[in-house]
Amino acid sequence: MEVIRECVADPKLQAVLAAQWGDHGGRPSQASFALHAAVMSSYFDGAWYPVGGSAVFAEAFAQAVRAGGGDLRTGETVAAIRVHDSRVQGVTLESGVSIDAPCVISDAGVRNTLRMLPSEEVDYDWARDVLEIEPSVGYVGMYLGLEGDIAANGASTANDWIYESWDVDQLWRNPLIEPDAPMMFVSFPSLKDPRHDPGPQQRHTCEIVTFVDPDAFTPWEHEGMKRGDARDPGYLELKERIEQNLLSQFARHFPRLAPMVRFVTSSTPISVATYTGAEHGAMYGLATTPERFSARHCGRARRSGAWSSPGRTPAVPASPAH
């Protein structure tokens, strides 16, 4: 935001230029301007949507892996990356199964990856720099099923970034107390996908995202995959309140679409941590601050696939249950 203010005097135009920060997860007061500019410039020639929805990426990836003689395992969790004499040997799954591999590429996030490495193999200075960077923001998602001609009643293929004020730097601090989220990202994926067949009932989907303070969900970080009566009543109350509040906001901004809603479900940072292992349900891993991109040791690793260790490893915060 500092760079935008240097270039633009009008506070409202400053807000407009910073409003899409959710595309990289860095709040305007904290994020790297270079990253924000790069992401925003990607829209100059328009945007794209995958025919068939985002699942086609996973399907294409799976085909490429199998065509190369590889395999995919779902529902498996890596417990440890095995290292011997500073060289990666493979991974061990939580089930106890070991898989040998001369190279391991981890996309579990740097903090989770550090937890899986033997402590004596971790470069202390490198790990310390990384662990000083906080996780990125959390988010709440609400997913609607609608019936009817939504395109004739306010929906479009555009992404709607809706703010309740000109302050675009806010998070939803406490959904139990604050009735309105400071912002809403609203998208209608079924309108974007030419392969979508709405059928005679004209069934469509809507996705709503708002950014939240993950601390509001800390008491329930260990809810994990609990279901039904096993779920904490306080967490269920919070989710119900979130859905009611977001539906009310949606109805204010899209009054003709609100009566078409037939299905509602939602996710929280607890859901994200459960299904992805992201620390505190962080949306984009580490915070996208200048410190992240300028850290002295970022990117330093030995060709062996393991980090050297001049000493002890910094303590890594406990991972939320997933």
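Residues numbered from 1 in each chain as written. Predicted model: local features only at pLDDT ≥ 70, side-chain atom pairs only at ≥ 80, totals over all residues. Heavy atoms only, no water.

### What to know about the overall build of the protein chain
Helix and strand counts for the protein chain stand at 10 helices and eight strands. The buried share among the 322 residues of the protein chain stands at 41%. Approximately 17,700 Å² of the protein chain is accessible, and the part contributed by carbon and sulfur atoms is 53%. (Helix = DSSP H or I, 4+ residues; strand = E, 2+ residues; numbered from the N terminus. Buried < 20%, exposed > 50% of the residue type's maximum accessible area, 1.4 Å probe, protein only. Areas by Shrake-Rupley, 256 points an atom, 1.4 Å probe, with all protein chains shown as cover.)

### Comments concerning the packing of aromatic side chains
To describe a pair of aromatic rings, one takes the distance between the centres and the angle between the planes. This structure, assessed with the given rule, holds five aromatic pairs. Note on Trp21 and Phe211: the rings are 4.8 Å apart at their centroids and 35° apart in plane angle, and the pair reads as tilted. A residue pair is termed long-range when its members are at least 10 positions apart, and Trp21 in the loop between α2 (11-18) and α3 (33-41) and Phe211 in strand β7 (residues 203-212) qualify at 190 residues. The buried category is assigned to Trp21, whose relative accessible area is 0%. Judged by centre distance (6.2 Å) and plane angle (45°), the rings of Trp220 and Tyr235 are tilted. Residue Trp220 is found in the loop between β7 and α8 (233-253), and its partner Tyr235 is found in helix α8; the two are separated by 15 residues along the sequence. We classify Trp220 as buried; its relative accessible area is 13%. (Phe/Tyr/Trp six-rings, centres within 6.5 Å; stacked < 30°, edge-to-face > 60°.)

### A few points about α2
When we look at burial in α2, the residues that qualify are Gln14, Ala15 and Ala18. In an axial view of α2, the angular spread of the buried residues amounts to 100°, which keeps them on one side of the axis. Buried residues along α2 sit against α1 (2-7) and α3. Capping of α2 at its N-terminal end is provided by Asp10; its side-chain oxygen lies 2.8 Å from the backbone amide nitrogen of Lys12. (Arc of directions from axis to C-beta. Contact = heavy atoms within 4.5 Å. Polar contact = N/O pair within 3.5 Å; in protein donor to acceptor, adjacent residues only side chain to side chain.)

### Some words on the sheet that holds strand β2 (residues 87-93)
Pairing is antiparallel across the open sheet formed by three strands, whose spatial order is β1-β2-β3. Looking at the sheet topology across the chains shown, the edges are occupied by β1 (78-84) and β3 (98-100). The mean angle between the axes of side-by-side strands here comes to 25°, regardless of whether they run parallel or antiparallel. Pairing analysis gives three bridges linking β2 to β3, with the strands arranged antiparallel. In the strand pairing of β3, Thr92 is matched with Ser98. (Pairing = 2+ DSSP bridges. Axes fitted to C-alpha atoms, helices over the stretch in contact; angles between N-to-C directions.)

### Things to note about helix α4 (residues 55-67)
Spanning 13 residues, α4 covers 18 Å between terminal C-alpha atoms, matching the ideal 18 Å at 1.5 Å per step. One or two residues past the end of α4 sits Gly69, with phi positive at roughly 90°. (Expected span 1.5 Å × (residues − 1).)

### What to know about the sheet that holds strand β8 (residues 261-267)
Read across the sheet, five strands follow the order β5-β6-β7-β4-β8 without closing on themselves; strand pairing throughout is antiparallel. Every interior strand has two partners, whereas the edge strands, β5 (160-163) and β8, have only one. When the angles between neighbouring strand axes are averaged without regard to direction, this sheet yields 20°. Of the pairings in the sheet, the one linking β5 to strand β6 (residues 183-187) comprises four bridges and is antiparallel in character. Each residue of the ladder has a partner; that of Asp160, found in β6, is Val186. Where α8 meets the sheet, its contacts fall on β4 (138-147), β5, β6, β7 and β8, and the angle it forms with β4 comes to roughly 60°. Along the sheet, helix α9 (residues 269-276) makes contact with β4, β7 and β8, crossing β4 at roughly 95°.

These results come straight from atomic positions and should not be treated as a statement about function.
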